[in-house]
Amino acid sequence: MEFGHTDRWRLPTAIKILIAGGFGAGKTTMVGAVSETRPLRTEEALTHIGAHIDDLAGVERKLTTTVAMDFGRITIRNDYMLYLFGTPGQERFWFVWDELAVGALGAVVLADTRRLDDCFPSVDYFEKRDQPFIVALNCFEGSRPFTVGEVRSAIGLEPDVPIVLCDARRRDSGREVLITLMEHAIRRGVSPVGTMS
């Protein structure tokens, strides 16, 4: 038997993608919706102690918050393995971002139009790192409908940064967002091969 001459045993290429954005934008929801495995979550209950720190305007029903990361996985035709890392949204947990960003192909910045300002730090972070990213407008029920042009202007995005509409609860919507990010990263000349090394 020869084991060294077959593609059957070839490991898939690992691709790391970040799901970033403000507090309550839907990052944990998106990772859970698209992951083929049960996602790893590091959530803690929101307490009255953090009430003076966490602004719950617009997300009053939120009961938990991510304190380290969310993690999910998607396999594409046994050739590629997408590893999804959801970042924490509150400023006091931003120190985790630098570790999570190492080796990432790019990022999805989820934006909640009810709290659009909350996505500014994520946009700024990836612009400063010159890391490919896209903005995904999470279309919450009751959210104010903005045009893509209005959002681009409000955030101050360059014309080449894609903005897409999505529903973070839906697997097909989340996958379309990830495809848009991959295409954008490839256009920027970032190869998915070896991104996690």
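Just above sits the structure.
This structure is a prediction, so every number in the text was calculated from the model and none was measured.

Caption draft 1: Geometry of the nonpolar core. Membership of the largest hydrophobic core comes to 24 residues, with the highest contact counts inside it found for Leu18, Phe126, Phe133, Val135, Ile155 and Leu157. Those elements giving two or more residues to this core turn out to be strand S1 (13-21), helix H2 (95-101), strand S5 (104-112), helix H3 (120-128), strand S6 (133-138) and helix H4 (148-155). The contacts of valine 135, once residues within four sequence positions are left out, are Val109, Ala111, Val123, Ile155, Leu157, Pro162, Ile163 and Val164. Counting residues in hydrophobic clusters, the runner-up holds 23 residues, among them Val34, Val164, Val177 and Leu181.

Caption draft 2: Region of interest: the state of the cysteines. One pass over the full model with this rule turns up zero disulfides. Looking at cysteine 139, it has no disulfide partner, and the nearest cysteine sulfur is the one in cysteine 166, 6.4 Å off.

Caption draft 3: Focus on the pairing of S5. Counting buried residues along S5, nine of its nine residues qualify, which places the element largely inside the surrounding structure. Bridge count for S1 against S5 is six bridges, and the pairing is parallel. The partner of glycine 21 across the bridge, within S5, is leucine 110. The pairing of S5 with S6 spans six bridges and is classified as parallel. Bridge pairing links valine 108 to isoleucine 134 in S6. Remark: the S5/H3/S6 crossover connection has right-handed handedness.

Caption draft 4: Quick peek at helix H1 (residues 27-34). With six of its eight residues buried, H1 lies for the most part within the structure. Regarding H1, the residues found buried are Lys27, Thr28, Met30, Val31, Ala33 and Val34.

Caption draft 5: Seen up close, the pattern of salt bridges. What the rule picks out here adds up to nine salt bridges. Arginine 115 serves as the salt-bridge partner of aspartate 118, at 2.9 Å between the closest nitrogen and oxygen. We classify arginine 115 as buried; its relative accessible area is 10%. When the shortest N-O distance is used, the salt bridge between arginine 170 and aspartate 172 registers 2.7 Å.

Caption draft 6: Examining unusual backbone geometry more closely. The residue asparagine 78 is not glycine, and still its phi comes out positive at about 60°. Within the secondary structure layout, asparagine 78 lies in the loop between strand S3 (64-76) and strand S4 (80-86). In this structure asparagine 78 comes out as exposed when scored by relative accessible area, which is 61%. Unusually for a residue other than glycine, aspartate 130 sits at a positive phi of about 55°. For aspartate 130, the location among the structural elements is in the loop between H3 and S6.

Caption draft 7: The arrangement of the environment of leucine 105 in detail. Mapped onto the secondary structure, leucine 105 falls in strand S5. What makes leucine 105 buried here is its relative accessible area of 1%. Taking the C-alpha atoms as reference points, leucine 105 and leucine 181, 76 residues apart in sequence, are found 9.0 Å from one another.

Rules used throughout
Sequence order as written defines the numbering, with residues in each chain counted from 1. Totals for whole chains, interfaces and linings use all residues, but because this is a predicted model, local features are given only for residues with pLDDT of at least 70 and pairs of side-chain atoms are given and counted only at 80 or more. Calculation of side-chain values draws on the structure's entire complement of heavy atoms; hydrogens and water are dropped beforehand. To qualify as a nonpolar core, a set must consist of buried Ala, Val, Leu, Ile, Met, Phe, Trp, Tyr and Cys residues joined through side-chain atoms within 4.5 Å. When accessible area is computed with a 1.4 Å probe and restricted to protein chains, residues below 20% of their type maximum are described as buried, those above 50% as exposed, and intermediate ones as partly exposed. Helix numbers and strand numbers start at the N terminus; a helix is a DSSP run of H or I with at least 4 residues, a strand a run of E with at least 2. Any two residues whose heavy atoms approach within 4.5 Å at even a single point are treated as in contact. Any pair of cysteine sulfurs within 2.5 Å is marked as a disulfide. When DSSP finds at least two bridges between two strands, those strands are taken to pair. Handedness of a crossover is defined as follows: orient the strands so they point away from the viewer, and if the path from the first strand over the helix to the second runs clockwise, the crossover is right-handed. The working definition used for a salt bridge is a side-chain nitrogen of Lys or Arg within 4 Å of a carboxyl oxygen of Asp or Glu.

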